[in-house]
Protein chains: 2
Amino acid sequence: MRVEYDLERVAALLPRDELRYRESTMWRYAELLPVADPRHILSLGEGWTPLVRLYGAERMMKLRKLWVKREEQNPTGSFKARGFSCALTIAREAGIRKVAVNSNGNAGSALAAYAAHAGMEAYVFLPQDCPGLIVRECLDYGAHTCLIDGLIHNAGQLIAEGKEEQGWHHVGTLREHGRAEGKKTMGLELAEQLGWRLPDVIIYPTGGGSGIIGMWNAFTQLRELGWIEGELPRFVCVQEEGCDPLVRSLASGGQFRPLQEEAGSSPTGLRVPHPPDGEALLAIIRETSGTAVAVSREEIREGQRALGRQGISSSPEGAATWAAMTRLMDEGWIGRQDEVVLFNTSHAMKYVEHPAPRVPVVKDYADWRRLMRK
Amino acid sequence: MRVEYDLERVAALLPRDELRYRESTMWRYAELLPVADPRHILSLGEGWTPLVRLYGAERMMKLRKLWVKREEQNPTGSFKARGFSCALTIAREAGIRKVAVNSNGNAGSALAAYAAHAGMEAYVFLPQDCPGLIVRECLDYGAHTCLIDGLIHNAGQLIAEGKEEQGWHHVGTLREHGRAEGKKTMGLELAEQLGWRLPDVIIYPTGGGSGIIGMWNAFTQLRELGWIEGELPRFVCVQEEGCDPLVRSLASGGQFRPLQEEAGSSPTGLRVPHPPDGEALLAIIRETSGTAVAVSREEIREGQRALGRQGISSSPEGAATWAAMTRLMDEGWIGRQDEVVLFNTSHAMKYVEHPAPRVPVVKDYADWRRLMRK
């Protein structure tokens, strides 16, 4: 579902340095986003997040340059805001009134916020053990929120079954092009913030992996535009032990294989046993001489402590990137001369202990329909 | 403790429109901040927060223009980041190693983060009923964290008593000039983001009120620079029923009087019965034909719901500004032709129910000293 742009035209009309005058949101790249009329843009202030240099950690780790991209400073506290700002702008242009998403949490609350801002009805389906605070967020934005007795792909199945009857526009990962295009802006920003250069290594927490795909698309388009040159960064996909289909598939040397059985990983954005675009992720890792790493819960906790001591609060997903970095430095895969960027994809606060609000729990679409009398 | 700048020199060296090229943090205004050498700047990506237009609410409320300044998108989830980025930059330049703050919560976690980033030791003193999640944040950034059996001014007293013996640099409200100067950037940003115009009304949640003082300083300096013209906005200070010294003092028509007895207001940034600069706040309200409003807990909850339905999550302090707006519209004090800006000063998530981490509770400095064996 790749969107084609007339990049020659963009390059002719938009000199790279003109971007300096643009607004401080991801919509500074409007020409590279699939929106017909910029007046329709649905914005809560997403993107153009800080890229913070960690000087103290560089000295401590003996690393040339280290940054963290603070995606938690987006509206709704995660990078998911980018995807929904774009997807719901497109949906609004198309006159859509009802949107539905399956999510491990952050996509749910982001959809809920943008739908509220657009005056659309939102339907959010989350795994039963989703952090209570994220469920609370969805409700606060007025979304119809349900838990599912299953994982994220079961929730996706529910929407796929019900969408026709209920008139839902399915905005799950890779179901439409807006979300991936919105996430592309992480890559555009990274290049611009580094002065149209790229780092040597990007470490990214990988569940569905659409952030990786988005950034890869960004870099490819920037090369075509002639705005960047040279090698792409080595992409490191971080997963959690117990849900590491990319790590296993990469090790096997063959095609991508989804995980048959998810084995007790934490309820975070990393828990996606069946990423819908696993094959593309594997191709990106291989093409960029990247790698995939599975880290333990204990390593994630260590990462949170270490980042906290640098003044950065991190979600489990973000902390996992620190854990992967230390592991890869120990192994010599990351060297002292490397420039490294970590992505803290969501807010630390979202995962704290909080009593779960009472919302319906369903098994599948038939069950939902019965319960809701719809 | 006003900082003097050579504004003629700034005006000569820095054409207003040059700012468009600057970085997307509050340090874009480095010439208007009291830092000797910009290389010492301690930044976690603070400031230049989104100013989001609420089109849906404008239609619903029949209001000309309404924006919310999303201060919760700062590092550490509140506007307090601005003050400490500046205060600790100055402290680092001066070679200071130990910093202490009394706080209702958000200033505590902001100090903790910036101190960690700077490699300083931080001491944070919070009221006993401070939201558990904020206490957790302070600990995660490695701060020495204590609760006090009392309110924010009692915690300030503790630091004042201990600072000499312990070698603490006291960064409580108005104890040094960095914090107020850092908060000034909210006003500078507001003017720049609105195209060097100001709104008719600014509604600001007012505890210690240093944000109000910072913005007033900003506008005064911008007028001297010739970067803005015309009347200042009417400042509305919002407080909570039970802790409303500004509202009472304004109604009395006389001088500022701190509250003798705080009466059961919520543990938020609004609960400051003895704001150290109450007289200055009162003068700003009077000079700008502003007002002060005390809202109830129920009105704050209503405000959170209403903002959530616009896609904006709000802290109790931020929601209080919505509550004040609706009240002042009902009374006709805000009219349909007004342009209004609300400040959401901190993150909704900080105030959710969360078990309090176990940290020492002390009565006063002698008690602290005994307990810590220092």
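This structure is a prediction, so every number in the text was calculated from the model and none was measured. (Residues numbered from 1 in each chain as written. Chains lettered and ligands numbered in written order. Predicted model: local features only at pLDDT ≥ 70, side-chain atom pairs only at ≥ 80, totals over all residues. Heavy atoms only, no water.)

> Honestly, the overall build of chain A in this entry has me stumped. Any pointers?
Scanning chain A from terminus to terminus reveals 13 helices and eleven strands. Taking 374 residues into account, the globule formula puts the C-alpha radius of gyration at 21 Å, and chain A, at 20 Å, falls close to it. For chain A, the spread of C-alpha atoms along the three principal axes comes to 60 × 50 × 40 Å. Taking all 374 residues of chain A together, 64% fall into the buried category. Long-range pairs, those at least 24 residues apart, make up 71% of the contacts in chain A with a sequence separation of at least 6. Accessible surface, chain A: about 14000 Å² in total, of which carbon and sulfur atoms supply 45%. Measuring between centres, the 45 positive side-chain charges of chain A sit 3 Å from its 48 negative side-chain charges. (Helix = DSSP H or I, 4+ residues; strand = E, 2+ residues; numbered from the N terminus. Rg over C-alpha atoms; globule rule 2.2 N^0.38 Å. Buried < 20%, exposed > 50% of the residue type's maximum accessible area, 1.4 Å probe, protein only. Contact = heavy atoms within 4.5 Å. Areas by Shrake-Rupley, 256 points an atom, 1.4 Å probe, with all protein chains shown as cover. Lys, Arg positive; Asp, Glu negative; His and termini not counted. Charge placed at Lys NZ, Arg CZ, Asp CG, Glu CD.)

> Honestly, the interface of chain A and chain B in this entry has me stumped. Any pointers?
Where the parts come together, the accessible area they lose is often given as the size of the interface. Each partner contributes residues to the interface: chain A has 36 residues there, and chain B has 36 residues. For the pairing of chain A and chain B, the buried interface totals around 3000 Å² over both sides, and the portion due to carbon and sulfur atoms is 56%. When residues of chain A are sorted by the area they lose upon contact with chain B, A:Tyr21, A:Gln73 and A:Met349 head the list and together hold 19% of the total. Linking chain A with chain B are zero salt bridges. Taken together, the elements giving at least two residues each to the side of chain A that touches chain B come down to strand E1 (51-53), helix H4 (106-118) and helix H5 (132-140) of chain A. Tallied by class, the residues present in the side of chain A that touches chain B amount to 16 nonpolar, 13 polar and seven charged. (Buried area = accessible area lost by both parts, 1.4 Å probe. Salt bridge = Lys/Arg side-chain N within 4 Å of Asp/Glu carboxyl O. Nonpolar A, V, L, I, M, F, W, Y, C, P; charged D, E, K, R; others polar.)

> Which parts of the structure should I look at to understand the packing of helix H7 (residues 177-193) of chain B against helix H8 (residues 210-225) of chain B?
Residue and element names in this part refer to chain B. The interhelical angle for the contact between H7 and H8, taken along N-to-C directions, is 60°, at an axis separation of 7 Å. Taken together, the axis directions place H7 and H8 in an arrangement best described as oblique. Remark: the crossing between H7 and H8 carries right-handed chirality. From H7, Ala180, Glu181, Lys183, Lys184, Met186, Gly187, Leu188, Leu190 and Ala191 reach across to H8, where they touch Ser210, Gly211, Gly214, Met215, Asn217, Ala218, Phe219, Gln221 and Leu222. (Axes fitted to C-alpha atoms, helices over the stretch in contact; angles between N-to-C directions. Parallel < 35°, antiparallel > 145°, perpendicular 65-115°, else oblique. Left-handed = near helix turned anticlockwise from the far one by under 90°.)

> Teacher, can you tell me more about the relation of the copies chain A and chain B here?
The two chain copies are related to each other by a rotation about an axis together with a translation along it. When chain A is fitted to chain B, the residual RMSD is 0.0 Å, and the transformation amounts to a turn of 180° plus an axial shift of 0.0 Å. In symmetry terms, the pair is related by a two-fold rotation axis. Closest approach to the rotation axis among the C-alpha atoms of chain A is made by A:Gln73, whose C-alpha sits 2.4 Å away. In this assembly, 100% of the residues forming the interface of chain A have copies in chain B that are likewise at the interface, indicating an isologous arrangement. (Least-squares fit on C-alpha atoms with pLDDT ≥ 70 in both.)

> Would you take a moment to explain the state of the cysteines for this structure?
Joining two cysteines, a disulfide is a covalent bond between their sulfur atoms. Residues and elements named next belong to chain B. Scanning all chains against the criterion turns up zero disulfides over all chains. Between Cys130, a free cysteine, and Cys138, which holds the nearest cysteine sulfur, the sulfur-to-sulfur gap is 6.8 Å. By relative accessible area, Cys130 is classed as buried at 6%. (Disulfide = S-S within 2.5 Å.)

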